[in-house]
Amino acid sequence: MAEYETHTLDVLIIGAGGAGLRAAVEASATGARTALVCKSLLGKAHTVMAEGGVAAALGNVWPEDNWKVHFRDTMRGGKMLNNWRMAQIHAQEAPDRVLELEEWGAVFDRTPDGRILQRDFGGHRYARLAHVGDRTGLELLRTCQQRAVSLGIEVFMECKIVRLLTDSSGAVNGAVGFWRESGKFVVFGAKAIVLAAGGVGKTWKFTSNSWEGTGDGHALALWAGADMIDMECVQFHPTGMVWPPSARGLLVTEGVRGDGGVLRNSDGERFMFNYIPEFYAKETADTIEEGDQWYENKTDFRRPPELLPRDEVARAINSEVKAGRGSPHGGVFLDIASRRSPEYIKRRLPSMYHQFKELADVDITAEPMEIGPTCHYIMGGIRVEADTAATTVAGLFAAGEVAGGMHGANRLGGNSLSDLLVFGRRAGKYAAEHALGRSGDVEIDDAQVDAVAQHALAPFARDGENPYSVHHALQETMQSLVGIIRTESELVEARDALDKLDERAAKAAVEGHRQFNPGWHLALDLESMLAVARCTTLGAIERKESRGGHTRDDYPGPDPAFGKVNMVTRVRDGEVVVAPEPLLEMPDELKTLFEEAH
Amino acid sequence: MATEATVTAATRTDGAPVGQPTVTLRLWRGDESGGEFVDYTVENLGGEVVLDVVHRIQAEQAPDLAVRWNCKAGKCGSCSAEINGRPRLMCMTRMSTLEITTPITVSPLRANPIIRDLVTDVSFHFAVARKIPAFRPGPREADGTYRMAQVDVERVQEFRKCIECFLCQNVCHVIRDHEENKPAFAGPRFFARLAELEMHPLDTLDRRDLISRDLGVGLCNITKCCTEVCPEGIHITDNAIIPLKERVVDARYDPIAWLGRKIRRRPSPTPAPVAAALSPAGRSGEVISTELAPRSAP
């Protein structure tokens, strides 16, 4: 075989966003030889885009808050499809993870008595999100990054992992990638691997995700034999910019609605009052008068329907647009300008104001924004064991967006930053434990490495179409056929279209040489995106109900039978197959939390 | 002292001429062995930023065009380049602010070694980051919390807005024109980082020797190029570098004043703002002593 640059580690962590960095800090603390590998430069991960905050029941603003309330909010937001144990661990451990960030140098906004301030967010019963203005994700990422750097953890930047390696028992023992800068291959031998590679948004046409969100982590796990769950549960953020093009896909934080912003249709009507589901009727204001008083008095009044969980808001916007009451560019209007003073808006939402002025020449203090549903987050992901973050493949762990179960069918805002801290830490801890308990050296199978390298270089030898055009076709297909509102005939059409796209991708050709060649990188990212698209489409066909982020026109309501199963996708005999499997049963003492009146 | 940022700042705000059907970007293509500018002409769609146009060129004409980008929202600091000679984020430069009747030049950051096309070697900055001793807080309050006043954290938060685009490092003439200064100079981004740590109400570590001796704050002669180029509007010179210079000088000439400044009122239950003691001009110990911070005077 050819000679490759090789690094041998105890724990290899793929992805250097919040989850990967938190995992690395934890694994390194155990004494395990730990390294991070990431597709971009360190500190650029999609985590920087999170705005609203990190959800944790610290009880600084509302002493009544505690993990049980947070747990219940998370499960109800997830339409009870969550892995209950993950939701429990998450709610219990999030406060410690936030306090720990502070000890590492994070500088959250403060209460008048100097503690961490918490803000309201959709679906959370109490003001619960620790935040830094509207750039909380950057603060979290930078804090974890600086912590990892101070511990001397090795970071391999701008390296794309193409495949995981497995031993004869099927356990993972390494990975093959290439340096984007030189195009040269690199082999990592590792006793345990943590996947923390984030999301899949680049599979859709309208997305808030950065270029890295190509589902690499999901695909690597799938190809290594791991189970995925509930890949049909994809969150479309209700308020992404639809106009102008320079701002398309940019999210407008829910904080705009928390601070008084309202949704209006082309008639100027506050239409959310027409879309209050029975499930939330008790705690939602049903008149404009009551809703408007809530901002000042949260004890005596119920919250306005603009703060319903985001899937409810997205569905309402879609209905308005379909009824012909949308904005000129196919969205609706989000209006804070007519309801709050420019000074208030600039103080509460400084980087949002700055960003829209600078990027799109839109002044959010003077005019409404044109917004619509945008692919934002995937709830589904790699099936993991709640306590250890272990996948169904030995030696392989997963945390953050790439893992499934925590958020059920729909994620509450603020729960992703806490998720990646809580389960990033656990993945790092248990991956290190696994690695240190594994005796002997890692034996890399040279034939596997050679096969991966040959596969990765194949696009240079082909004479087919440009990978960009295949990517565009995939995005159009998923946006129009597997978007926010789905139906059987379109999903089947998408499945057939994916067969053809697989063939086109397999023939796609790359120009130029291996040194920092984005066309080549895209050709390989396409494989990941196609794998993810198939899992999502197959899951969406089989889940014949509407639940959270998965909405079926032909099955408009939830079905209790589907509420008891995960839709599992996995590779068997070279094909992606799908099958429902029962959820973990919640213990009775937790079930009682959902029976209490509140 | 002329700098790239000030000399070439004549970008126009009169927008694209109505009806002009195409735009041309003049992109630098090449690698460490050399290269040249190549013109790419694409349809003028309107409402785009420079990065949108670069992406269309990649998809339609030059699939191997090397460029870094991540968020396309001004939050990650990946897509730094020199647009018509001026260091900018490509994702934050609206086409409507540029003259499009002539080609728009896009070239890689000049102060970094070239890798390929618009991609440069930024490893210097990551090496400097590893030289800075991390935040080290004092003990928690009896109730397990850390208490800080909002007014104090806002001072620190200004520096933590940094997206690490490294445009400030690129325009800083101490290293832009003098490669030999790099081993002994941290650069503006890292002076902001050091100022953040020095002004953090909970930090207990003394980094002043490092700042003056190893990281070269004295080499900065306050031309404010870094402040002008910062896309986050951080006042790097006034709020970070000048206070750092003062601290370093104070430490050398006036240890009593330094000791006074390090002494803090116990911030509980309602923390008294310590901003006065940490303001750029606040050199002597205005805050009354009740407890010594656990670092020793030099």
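Above this note sits the structure.
Residues numbered from 1 in each chain as written. Chains lettered and ligands numbered in written order. Predicted model: local features only at pLDDT ≥ 70, side-chain atom pairs only at ≥ 80, totals over all residues.

## Quick look at the pairing of strand 14 (residues 369-378) of chain A
Residue and element names in this part refer to chain A.
Then step 1. Counting buried positions along strand 14 yields 10 of 10 residues, so the element is predominantly enclosed.
Then step 2. The sheet contact formed by strand 11 (residues 234-241) and strand 14 spans 6 bridges and is antiparallel. If you follow valine 234 over to strand 14, its bridge partner there is isoleucine 378.
Then step 3. By the bridge criterion, 3 bridges tie strand 13 (residues 332-335) to strand 14 in an arrangement that is antiparallel. Directly across from phenylalanine 333, in strand 14, lies its bridge partner glutamate 370. (Buried ≥ 20, exposed ≤ 12 C-beta atoms within 10 Å, placed from the backbone. Helix = DSSP H or I, 4+ residues; strand = E, 2+ residues; numbered from the N terminus. Pairing = 2+ DSSP bridges.)

## Section: the packing of helix 5 (residues 216-223) of chain A against helix 15 (residues 518-542) of chain A
Residue and element names in this part refer to chain A.
Then step 1. Put simply, helix 5 and helix 15 touch, their axes get as near as 8 Å, and they point 75° apart. Between helix 5 and helix 15, the crossing angle belongs to the class labelled roughly perpendicular. Seen from helix 5, the contacting residues are Asp216, His218, Ala219 and Leu222; seen from helix 15, they are Asp525, Glu527, Ser528, Ala531 and Val532. (Axes fitted to C-alpha atoms, helices over the stretch in contact; angles between N-to-C directions. Parallel < 35°, antiparallel > 145°, perpendicular 65-115°, else oblique. Contact = placed C-beta atoms within 7 Å.)

## Observations regarding the sheet that holds strand 3 (residues 54-55) of chain A
Think of a sheet as strands paired side by side through backbone hydrogen bonds, with each pair either parallel or antiparallel.
Then step 1. Pairing is antiparallel across the open sheet formed by 3 strands, whose spatial order is 3-5-4 (chain A). Both outer strands of the open sheet, strand 3 and strand 4 (118-119) of chain A, are each paired with one neighbouring strand and no more.

## Brief notes about the interface of chain B and chain A
Then step 1. Across the contact, 50 residues belong to chain B and 46 residues belong to chain A.
Then step 2. Elements supplying a minimum of two residues to the side of chain B that touches chain A: helix 2 (50-60), strand 6 (114-116), helix 3 (123-129) and helix 4 (150-160) of chain B.
Then step 3. Per element, the largest residue contribution to the side of chain B that touches chain A is 5 residues, and it comes from helix 4 of chain B.
Then step 4. Of the residues assigned to the side of chain B that touches chain A, the class counts are 28 nonpolar, 10 polar and 12 charged. (Nonpolar A, V, L, I, M, F, W, Y, C, P; charged D, E, K, R; others polar.)

## Remarks on the environment of aspartate 216 of chain A
Residue and element names in this part refer to chain A.
Then step 1. By secondary structure assignment, the location of aspartate 216 is in helix 5.
Then step 2. Here aspartate 216 falls in the buried class, since 28 other C-beta atoms lie within 10 Å of it.
Then step 3. Between the C-alpha atoms of aspartate 216 and alanine 461, which are 245 residues apart in sequence, the distance is 23 Å.
Then step 4. Once residues lying within four places of it in the same chain are set aside, the contact partners of aspartate 216 are Ile161, Ala197, Asp525 and Ser528.

## Some remarks on the packing of helix 13 (residues 467-481) of chain A against helix 14 (residues 488-507) of chain A
Residue and element names in this part refer to chain A.
Then step 1. One way to put it is that helix 13 packs onto helix 14 with a least axis distance of 10 Å and a crossing angle of 170°. Here helix 14 runs roughly antiparallel to helix 13, going by the angle between their axes. Of helix 14, the residues touching helix 13 (which contributes Val470, Ala473, Leu474, Thr477 and Leu481) are Glu490, Leu491, Glu493, Ala494, Ala497, Leu501, Arg504 and Ala505.
Then step 2. In terms of residue class, the contact of helix 13 with helix 14 is built from 9 nonpolar, 1 polar and 3 charged.

## Describing the pairing of strand 2 (residues 34-37) of chain A
Regular strands place side chains that alternate from one sheet face to the opposite one.
Residue and element names in this part refer to chain A.
Then step 1. Because side chains alternate across strand 2, one face comprises the buried residues Thr34 and Leu36, and the other comprises Ala35 and Val37, equally buried.
Then step 2. Pairing between strand 1 (residues 5-14) and strand 2: 4 bridges, direction parallel. What sits directly across from leucine 12, in strand 2, is alanine 35.
Then step 3. Of the crossover connections in this fold, the one passing from strand 1 over helix 1 (residues 18-29) to the parallel strand 2 is right-handed.
Then step 4. Sheet analysis places strand 2 next to strand 6 (residues 154-156), joined by 3 bridges and oriented parallel. Paired with valine 37 across the strands is phenylalanine 156, a residue of strand 6. (Right-handed = clockwise from strand over helix to strand, strands pointing away.)

## Brief notes about the sheet that holds strand 14 of chain A
All names here are of chain A.
Then step 1. Here 4 strands make up an open sheet; going across it, the order is 11-14-13-12 and the pairing antiparallel. Of all the strands in the sheet, just strand 11 and strand 12 (262-264) have a single pairing partner and so form its edges. Strand-to-strand twist in this sheet, taken as the mean axis angle between neighbours without regard to direction, amounts to 45°.
Then step 2. Both strand 12 and strand 13 contribute to a ladder of 3 bridges, which runs antiparallel. Within the sheet, the bridge partner assigned to arginine 264 lies in strand 13 and is phenylalanine 333.

## Topic: unusual backbone geometry
Then step 1. Following tryptophan 243 of chain A, the chain continues to proline 244 of chain A via a peptide bond in cis, the omega torsion being -5°.
Then step 2. Within the fold, proline 244 of chain A resides in the loop between strand 11 and helix 6 (255-258).
Then step 3. A positive phi angle, near 65°, is found at methionine 80 of chain A, a position not held by glycine.
Then step 4. Structurally, methionine 80 of chain A is set in the loop between helix 2 (67-77) and helix 3 (84-103).
Then step 5. Looking at methionine 80 of chain A, the number of C-beta atoms within 10 Å reads 20, which means it is buried.
Then step 6. Look at glutamate 164 of chain B: it is not a glycine, yet its phi comes out positive at around 55°.
Then step 7. Structurally, glutamate 164 of chain B is set in the loop between helix 4 and helix 5 (167-171).

## As for the nonpolar core
All names here are of chain A.
Then step 1. Core analysis: the largest hydrophobic core is formed by 262 residues, its most contacted members being Val11, Ile193, Val194, Leu195, Phe397, Ala398 and Ala399.
Then step 2. Sort the elements by how many residues they give to this core and helix 15 lands first, with 13 residues.
Then step 3. Filtering out sequence-adjacent residues up to four positions away, leucine 195 remains in contact with Ile14, Gly15, Gly217, Leu220, Ala221, Ile382, Leu396, Ala398 and Val402. (Core = buried A, V, L, I, M, F, W, Y, C linked by C-beta atoms within 7 Å.)

## Digging into helix 4 (residues 136-150) of chain A
Along an α-helix, residues three or four apart share an orientation, since each turn contains 3.6 residues.
Residues and elements named next belong to chain A.
Then step 1. With 15 residues, helix 4 should reach 21 Å at 1.5 Å per residue; the first-to-last C-alpha distance of 21 Å fits that figure.
Then step 2. Counted residue by residue, helix 4 has 13 buried out of 15 residues, so it is predominantly covered.
Then step 3. One or two positions beyond helix 4, positive phi appears at glycine 152, with a value near 75°. (Expected span 1.5 Å × (residues − 1).)

## Digging into the environment of lysine 191 of chain A
Residue and element names in this part refer to chain A.
Then step 1. The topology assignment puts lysine 191 in strand 9 (residues 185-195).
Then step 2. With 24 residues separating them along the chain, lysine 191 and glycine 215 place their C-alpha atoms 23 Å apart.
Then step 3. Setting aside its immediate chain neighbours within four residues, lysine 191 contacts Asp10, Gly395, Ala435, Arg438 and Val442.

So far we have only geometry, and geometry alone does not tell us how the molecule works.
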